[in-house]
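Descriptive structure summary
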Amino acid sequence: MRIAVASGKGGTGKTTVAVSLAVELASRGERSSYIDFDVEAPNGHIFLSPRIEKSFAVDVPVPAVDAETCTACGRCSDACEFNALACVGGRVMLFPEMCHGCGACALACPENAVTEARRRVGTIEAGHSGPVAFAEGRLKLGEAMATPLIRELHRHVPYDGVALMDCPPGTSCPVVETMRGADRGILVTEPTPFGLSDLKLAVETARRLDLPVGVVINRSGIGNSDVSDYCRREGLAVYAAIPDDRSVAEAYSRGDLPSFVLPEYGRIIGKLADAVVRPAAEVTSS
Amino acid sequence: VRELVVVSGKGGTGKTSVAASFAVLAERAVIADCDVDAADLHLVLDPSIQQTETFSGGKKARVDPGRCSGCGRCEEVCRFSAISIRGASAGRSRTREVDEQRCEGCGACRLVCPSGAIELRSVINGEWFVSDSRAGTFVHARLGIAEDNSGKLVTLVRNEARRMAAASGAEIVLIDGSPGIGCPVIASITGADLALIVTEPTRSGMHDLKRIAEVAARLGTPTMVCLNKWDLNPDVAAEMEEWCKGNGTPVAGRVPYDRSVTDAQMAALAVVEHSSGPAAVAVRALWSSVSDALGSARAWDAPRSVGTSEEVGPA
């Protein structure tokens with residue numbers, strides 16, 4: 001089973017929940033894995049200190065124009081919907097960061113002067129942290145597009161056991177690309193106006209993808225009841241409410257899991273594990 | 001017109017809370033929310049929308065089933081698995097259809113279709129707004145759910161804010177950015193006069209600070225750092241300051257952990273409007289050092305890209 005841990009808003013505790021769940025399940029003897037899909041800011045490794053066993057470079061195709069055969073007819077740049085090619089002064093210029101790797105330019109070239117080279121966009125590392133299988137994607141600095149890396153990372157999610165997929169914040173393409181591979185989702189939020197506003201967007205995104213989701217309210221007690229009222233109105237299961245506690249934030253700051261310092265946190269994660277690792281039919285999808 | 005963008009790398013470090021206070025403190029500023037896929041600044045600024053425009057950033061392919069011969073060339077060339085046989089098991093008719101969520105609008109399918117059955121149509125990806133607010137003119141946007149092209153919408157919002165600033169004689173464009181280091185972030189910091197990185201003294205914050213700082217350095221955008229909730233872990237905070245020093249990145253301010261920041265958000269106010277507690281005092285001091293630097297931005301060299309290592313790894 002693949003569980004996407006998402007939130008809309010950043011910094012609500014996605015990574016802590018995802019890592020804690022993976023560790024909790026492993027301690028029960030279940031096969032579990034933690035996969036960091038937040039490739040722009042991957043932080044799960046800080047808490048798991050995994051032993052890396054495999055490392056993969058992730059490349060995307062980019063056009064390579066053969067100057068000998070190119071007649072500068074401009075068909076390639078006309079065909080490119082992303083302005084990654086420009087035909088100026090009798091030659092073709094490439095703007096690789098705009099390229100989606102679609103191959104339209106090569107299809108459009110009447111001289112077969114466009115072939116494809118590879119361009120590095122990031123890396124994937126995989127290994128273990130104790131019994132927990134680990135993988136993360138890491139976007140190369142300066143790269144704009146996370147989705148090709150995320151698409152590739154899906155191939156590194158173990159097929160057996162429970163996979164916790166740590167999503168990027170927001171609701172745009174990287175989140176959609178991550179959620180698409182999940183069987184269900186946990187949306188981690190906090191009971192504040194920003195938390196609620198971004199939770200609503202995350203819920204809508206999940207619904208668009210027919211992904212059944214439930215909610216974890218983190219830092220419970222800091223705001224008001226608007227988030228729980230919203231969940232009730234929308235028929236969303238609230239899997240857990242984690243009380244606000246400075247010692248949790250302090251553990252996090254050191255790169256420690258809160259359950260090591262706060263037994264209460266461990267008990268809540270235990271209940272959360274019970275709640276989410278059930279047959280899909282039992283989960284409220286609405 | 002000077003452009004200041006507030007970013008963070010890691011999400012949830014307090015970007016929008018800082019930006020809201022800056023919006024209130026800045027005189028003659030146009031404010032832009034460039035966190036277009038999870039915008040929150042409007043929840044504090046309570047804008048009154050004056051103008052609403054639709055945003056069309058991309059295209060989607062569409063197959064005319066009447067003209068499709070079912071040859072499947074389009075499906076072969078599509079690299080995004082966006083084209084499949086119409087209907088689950090379509091019997092003898094093997095006409096194709098497009099999954100709009102997967103389609104990136106590249107048009108490769110249209111290029112190869114021998115029947116001229118495929119067209120690319122512009123689609124609406126979101127909306128953007130020009131509003132009045134108590135902090136001044138506010139340009140903001142809403143990317144449609146599960147839509148792409150956030151970078152283009154960021155650029156549009158930024159350009160519009162700059163245009164309005166020039167027209168109204170405003171001196172500052174204040175931009176609330178998005179988390180991460182990808183396309184919306186690159187679109188919001190490229191060419192800005194100063195990027196303030198709001199971070200927190202955690203291992204994750206440190207890791208992500210290095211990544212965003214390096215991206216800004218490669219883009220040639222000068223950066224300053226704000227250590228938010230710095231007293232959560234004074235040891236990591238000290239390490240971060242040391243790193244900033246070594247990197248040539250000025251620390252513009254330290255904001256202590258203070259419940260009044262959340263209380264202000266609950267009251268839909270900036271913390272400097274809501275409280276005169278320790279966080280509010282620190283944010284005022286932060287603004288004064290950031291606005292001074294903004295006046296003379298480019299007076300110091302942006303930290304140069306570390307360059308050699310592709311990756312900025314764990315702390």
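Please refer to the structure placed before this passage.
Because the structure is predicted, anything quoted here is derived from the model rather than measured.

Criteria and thresholds
Note that residues are indexed from 1 along each chain, following the sequence as it is written. Written order determines the labels here, with chains lettered from A and ligands numbered from 1. Predicted model: local features are reported for residues with pLDDT of at least 70 only, side-chain atom pairs are reported and counted for 80 or more only, and whole-chain, interface and lining totals are derived from all residues. Think of the side-chain values as coming from all heavy atoms in the structure, minus any hydrogens and water. Contacts: residue pairs with any heavy atoms within 4.5 Å of one another. We define buried area as the total accessible area lost by two parts upon association, computed with a 1.4 Å probe and summed across both. Salt bridge, as used here: a side-chain nitrogen of Lys or Arg that lies within 4 Å of a carboxyl oxygen of Asp or Glu. Three exposure classes are used, based on accessible area relative to the maximum for each residue type with a 1.4 Å probe and protein chains only: buried under 20%, partly exposed in between, and exposed over 50%. Every helix listed is a DSSP run of H or I at least four residues long, and every strand listed is a run of E at least two residues long, numbered separately from the N terminus. When DSSP finds at least two bridges between two strands, those strands are taken to pair. All axes here are fitted lines through C-alpha atoms, helices being fitted over the stretch that makes contact, and every angle between N-to-C directions spans 0 to 180 degrees. Angle categories are assigned with fixed cut-offs, so that under 35 degrees is roughly parallel, over 145 is roughly antiparallel, 65 to 115 is roughly perpendicular, and the rest are oblique. Crossing handedness is defined as follows: a turn of the near helix away from the far one that is anticlockwise and smaller than a right angle gives a left-handed crossing, while the clockwise case is right-handed. Amino acids outside the nonpolar list (Ala, Val, Leu, Ile, Met, Phe, Trp, Tyr, Cys, Pro) and the charged list (Asp, Glu, Lys, Arg) are all regarded as polar, and Gly is one of them. Here the term right-handed applies to a crossover when the path leading from its first strand over the helix to its second strand runs clockwise, the strands being oriented away from the viewer. We define the nonpolar core as a collection of buried residues of types Ala, Val, Leu, Ile, Met, Phe, Trp, Tyr and Cys that are connected through side-chain atoms lying within 4.5 Å of one another. Planes of paired rings set the category: under 30 degrees apart is stacked, over 60 is edge-to-face and the rest tilted, where pairs are Phe, Tyr or Trp rings (Trp by its six-membered ring) whose centres lie within 6.5 Å. Geometrically, a charge over a ring is one whose NZ (Lys) or CZ (Arg) sits within 6 Å of the ring centre while staying within 35 degrees of the ring normal. Residues counted as positive are Lys and Arg, residues counted as negative are Asp and Glu, and His and the chain ends are not counted.

**What about the interface of chain A and chain B?**
The interface of chain A with chain B comprises 63 residues on the first partner and 63 residues on the second. In this assembly, chain A packs against chain B so that about 5300 Å² is buried in total across both faces, 56% of it on carbon and sulfur atoms. In this assembly, chain A and chain B are joined by five salt bridges. The partner of Arg110 of chain B in a salt bridge is Glu81 of chain A, with the nearest N and O atoms 3.7 Å apart.

**Some points on the pattern of salt bridges**
Residues and elements named next belong to chain A. All chains considered together, the criterion is met by 40 salt bridges over all chains. Measuring nitrogen to oxygen at the nearest pair gives 3.2 Å for the salt bridge that ties Arg254 to Asp256. Residue class for Arg254 comes out partly exposed when judged on its relative accessible area of 40%. According to the relative accessible area criterion, Asp256 is partly exposed, its value standing at 29%.

**Description of the pairing of strand β1 (residues 2-7) of chain B**
Residue and element names in this part refer to chain B. The buried fraction of β1 is high, at five of six residues. Relative to strand β10 (residues 172-176), β1 is paired through five bridges, and the arrangement is parallel. Pairing of Val5 across the sheet is with Ile175, part of β10. Relative to strand β11 (residues 194-199), β1 runs parallel, the two being bridged by four bridges. Across the sheet, the residue bridging to Val6 is Leu196, located in β11.

**Quick word on the sheet that holds strand β2 (residues 32-36) of chain A**
Residues and elements named next belong to chain A. Spatial ordering of the open sheet is given by β3-β6-β7-β2-β8-β1-β9-β10-β11, a layout of nine strands whose pairing is mixed. Each edge of the open sheet carries a strand with a single partner, namely β3 (51-65) and β11 (237-243). With direction set aside, neighbouring strand axes in the sheet form an average angle of 20°.

**A closer look at the packing of helix α7 (residues 203-219) of chain B against helix α8 (residues 234-247) of chain B**
Residue and element names in this part refer to chain B. Here α7 crosses α8 at 15°, and the two axes come no closer than 10 Å. The angle between the axes of α7 and α8 places the two elements in the roughly parallel class. Regarding α7 and α8, the two cross each other, and that crossing is right-handed. Two secondary-structure elements touch here, α7 through Arg203, Gly205, Met206, Leu209, Lys210 and Ala213 and α8 through Val236, Glu239, Met240, Trp243, Cys244 and Asn247. Tallied by class, residues from the contact of α7 with α8 come to seven nonpolar, two polar and three charged.

**Topic: the pairing of β11 of chain B**
Residues and elements named next belong to chain B. Of all the six residues making up β11, six are buried; the element is thus mostly covered by neighbouring parts of the structure. Taking every second residue as pointing to the same face, both faces of β11 are buried, with Leu194, Leu196 and Val198 on one and Ala195, Ile197 and Thr199 on the other. Bridge analysis of β11 against strand β12 (residues 223-228) gives five bridges, and the strand direction is parallel. Across the sheet, the residue bridging to Thr199 is Leu227, located in β12. In this region the chain leaves β11, passes through α7 and returns to the parallel neighbour β12; the handedness of that crossover is right-handed.

**A short note on the nonpolar core**
Counting residues in each nonpolar core, the largest one holds 84 residues, and the members touching the most others are Met179 of chain A together with Ile189 of chain B. Phe138, Leu196, Ala279 and Ala282 of chain B belong to the second largest nonpolar core, which has 39 residues in total.

**Focus: the packing of aromatic side chains**
Per the counting criterion, the structure on display carries three aromatic pairs over all chains. Consider the rings of Tyr34 of chain A and Phe134 of chain A, whose centres lie 6.1 Å apart with planes at 20°: the pair is stacked. Of this pair, Tyr34 of chain A sits in strand β2 while Phe134 of chain A is found in strand β7 (residues 132-139), placing the two residues 100 residues apart along the sequence. A residue is classified by how much of its surface remains accessible, and Tyr34 of chain A, at 0% relative accessible area, is buried. Accessibility expressed as a relative area gives 2% for Phe134 of chain A, which makes it buried. The cationic tip of Arg246 of chain A hangs over the ring face of Tyr257 of chain B; the distance from NZ or CZ to the ring centre is 5.1 Å.

**Comments concerning the side chain of Asp198 of chain A**
Residue position: Asp198 of chain A is located in helix α7 (residues 193-208). Although Asp198 of chain A is buried, it makes no salt bridge; Lys9 of chain A carries the closest opposite charge, 5.7 Å away. In this view, Asp198 of chain A contacts Ser7, Gly8 and Lys9 of chain A together with Ala38, Ala39 and Asp40 of chain B; residues no more than four positions away in its chain are not counted.

**Quick word on unusual backbone geometry**
Look at Ser49 of chain A: it is not a glycine, yet its phi comes out positive at around 35°. Along the chain, Ser49 of chain A falls in the loop between α2 (44-48) and β3. Relative accessible area serves as the criterion here: at 58%, Ser49 of chain A is assigned to the exposed category. Of note in the backbone geometry, Ala146 of chain B takes a positive phi value of approximately 60° without being a glycine. Locating Ala146 of chain B in the fold gives a position in the loop between β9 (138-143) and α5 (150-168).

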